[in-house]
Amino acid sequence: MGKNDFLTPKAMANRMKAKGLQKLRWYCQMCQKQCRDENGFKCHCMSESHQRQMQVFGQNPTRVLEGYSEEFESTFLDLMRRSHRFSRIAATVVYNEYINDRHHVHMNSTEWATLTEFVKYLGKTGKCKVEETPKGWFVTYIDRDSESLFKERLKSKRVKSDLAEEEKQEREIRRQIERAAEKFGGDDDETVQEQEQEEDLGLLKSGVKVGFSLGGGIVKQVQARGESSKGHVFEDDEGEEESERGEKRKRSGEKSALGELMKEEEKKKERMNRKAYWLFQGIVVKVMSKALVEKGYYKQKGVVRRVVDDYVGEIEMIDSKHVLRVDQEELETVLPQIGGLVKIVNGAYRGSNAKLLGVDTDKFCAKVQIEKGVYEGRVIKGVEYEDVCKLA
């Protein structure tokens, strides 16, 4: 067995010493060689292979530096896309994961001298959302893949089509209401005209014939005429009462017909807009996951910053500013004070912003008034607590 064979004690000792990460200052990026100490690095710099690599570098140093910078950036962003695609995380954590590969591109061979400069560069170019905190720099990957963009476009198209469908339905309801009002109003005018004609005919038919006779015959005729006129007055009063009752019945029938139309439309909207998911961006929720009791997030409030696959939300905690990814089953809606703004997260008016007017603690429901949109100003009663949530 030779001195430098694979299973010799010296070879195994060298491999054990070289295992893991070594000091950055004794690494040669051009030759991709890691030295264990200063003496080894000095000997490497004097070697012929290193001198040839330095000659290549001297011919076009800018191009080599840009190449290493691009490779470092692409590898760093690939790691973020794979491991921390939808989360806000410290830049140092991502960098420590990146340097686990001993043959990675070292930062001292790029155009950035420190990690802070590189993070600021990512923020300026819009490749990541960066934030400076007392605990250091935090980064959030901005997903610009074609698939995610395609999904966002489809989602925006669906939202626009739903809004257009709601506006169309609202216009159709208004037309039906106008038609019903015109129909019942026309009937009322016709009935009034018929009653006037009947009254005129009644007066003509009940006209009293005057006869002349001698003596007391005239008195008898006058008395008979007085009695007949009194009977006609009572008949007119009864006819007016009947006409008033008929008008009231028609009005009540008109109201009931409109009410039925509105109820049917409400039920239709409820069926269309009632979904199994209710998370919206920008609402305040309460974390009810008992698995997070030890970390101090149980029954703490946070703001939904992003909705993932309709059922999962990225929650930024209000107190600690930490970002968690929690399923909607472990979240709970929050109600503001009376007069505060809420979002209707489920039901017929899903997605509308409203103002909280009151709360019924016995029936566990709220009374709200829609602020903007097609139904602006409409007051809705009996909205369940789970269907409304406080806006951030």
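Further up the page is the structure itself.
Residues numbered from 1 in each chain as written. Predicted model: local features only at pLDDT ≥ 70, side-chain atom pairs only at ≥ 80, totals over all residues. Heavy atoms only, no water.

Trainee: I'd love a proper account of the overall build of the protein, names of residues and values included.
Mentor: Within the protein, the secondary structure is distributed over 8 helices and 15 strands. When each of the 392 residues of the protein is scored for burial, the buried share is 29%. For the protein, restricting intrachain contacts to residue pairs at least 6 apart in sequence, the fraction spanning at least 24 positions comes to 50%. In the form shown here, the protein has an accessible surface area of approximately 26,900 Å², with 51% of it arising from carbon and sulfur atoms. (Helix = DSSP H or I, 4+ residues; strand = E, 2+ residues; numbered from the N terminus. Buried < 20%, exposed > 50% of the residue type's maximum accessible area, 1.4 Å probe, protein only. Contact = heavy atoms within 4.5 Å. Areas by Shrake-Rupley, 256 points an atom, 1.4 Å probe, with all protein chains shown as cover.)

Trainee: So, a positive patch on the surface: which residues are in play, and what are the values?
Mentor: Among the surface-exposed residues, K263, K267, K268 and R271 lie close enough to one another that they form a single positively charged patch. Position of K268 among the secondary structure elements: in helix α8 (residues 217–273). (Patch = residues over 30% accessible without salt bridge, like charges linked within 9 Å, V, L, I, M, F, W, Y side chains within 5 Å. Salt bridge = Lys/Arg side-chain N within 4 Å of Asp/Glu carboxyl O. Lys, Arg positive; Asp, Glu negative; His and termini not counted. Charge placed at Lys NZ, Arg CZ, Asp CG, Glu CD.)

Trainee: So what's going on with the nonpolar core? Which residues, and what values?
Mentor: Counting residues in each nonpolar core, the largest one holds 26 residues, and the members touching the most others are F72, F76, M80, Y95, Y98, L115 and F118. Those elements that place two or more of their residues in this core are α4 (61–83), α5 (91–98), α6 (115–125) and β5 (136–141). Here this core gets 7 residues from one element, more than from any other, and that element is α4. When residues no more than four places from it in sequence are discounted, the contact partners of Y98 are F72, T75, F76, L79, H104 and V105. (Core = buried A, V, L, I, M, F, W, Y, C linked by side-chain atoms within 4.5 Å.)

Trainee: I'd like to hear about the pairing of strand β13 (residues 365–370), residue by residue, with values.
Mentor: Taken together, the 6 bridges between strand β12 (residues 353–360) and β13 define a ladder with antiparallel strand orientation. Paired with D360 across the strands is C365, a residue of β13. Where β12 folds back onto β13 in an antiparallel hairpin, the turn is made up of 4 residues, including F364, whose phi is positive at roughly 55°. Direction of pairing for β13 relative to strand β14 (residues 379–384): antiparallel, over a ladder of 4 bridges. Looking at the pairing, V368 lines up with I380 of β14. (Pairing = 2+ DSSP bridges.)

Trainee: I'd love a proper account of unusual backbone geometry, names of residues and values included.
Mentor: A positive phi angle, near 70°, is found at D310, a position not held by glycine. If you trace the backbone, D310 turns up in the loop between β7 (301–308) and β8 (312–317). Despite not being glycine, F364 has its phi angle at roughly 55°, a positive value. Along the chain, F364 falls in the loop between β12 and β13.

Trainee: Describe the sheet that holds strand β15 (residues 388–390), listing the residues and the values that go with them.
Mentor: Neighbouring strands of a sheet are bound in pairs by backbone hydrogen bonds; such pairs are parallel or else antiparallel. Taken together, 5 strands build an open sheet; the order of strands is β14-β13-β12-β11-β15 and the sheet is antiparallel. Bordering the open sheet on either side are β14 and β15, each of which pairs with just one other strand. Here the strands of the sheet are splayed against their neighbours by 45° on average, with no regard to which way each runs. (Axes fitted to C-alpha atoms, helices over the stretch in contact; angles between N-to-C directions.)

Trainee: Any details on the pattern of salt bridges? Residues and values, ideally.
Mentor: Tallying each qualifying case throughout the model produces 11 salt bridges. Notably, a salt bridge pairs E73 with K127, separated by 2.2 Å at the nearest N-O pair. Here E73, found in helix α4, pairs with K127, found in the loop between α6 and β4 (128–133); they are 54 residues apart in sequence, far enough to count as distant. Exposure remark for K127: the relative accessible area of 29% places this residue in the partly exposed category. Residues participating in the shared-partner salt-bridge network are E170, R174 and R378.

Trainee: Tell me what's going on with the side chain of K269, and back it up with residues and numbers.
Mentor: With respect to the secondary-structure elements, K269 resides in helix α8. Residue classification places K269 among the buried residues on the basis of a relative accessible area of 2%. At 3.5 Å, the side chain of K269 forms a polar contact with the side chain of Y349. Not counting residues within four places of it along the chain, the set of residues in contact with K269 comprises Q169, G347, A348, Y349, Y375 and R378. (Polar contact = N/O pair within 3.5 Å; in protein donor to acceptor, adjacent residues only side chain to side chain.)

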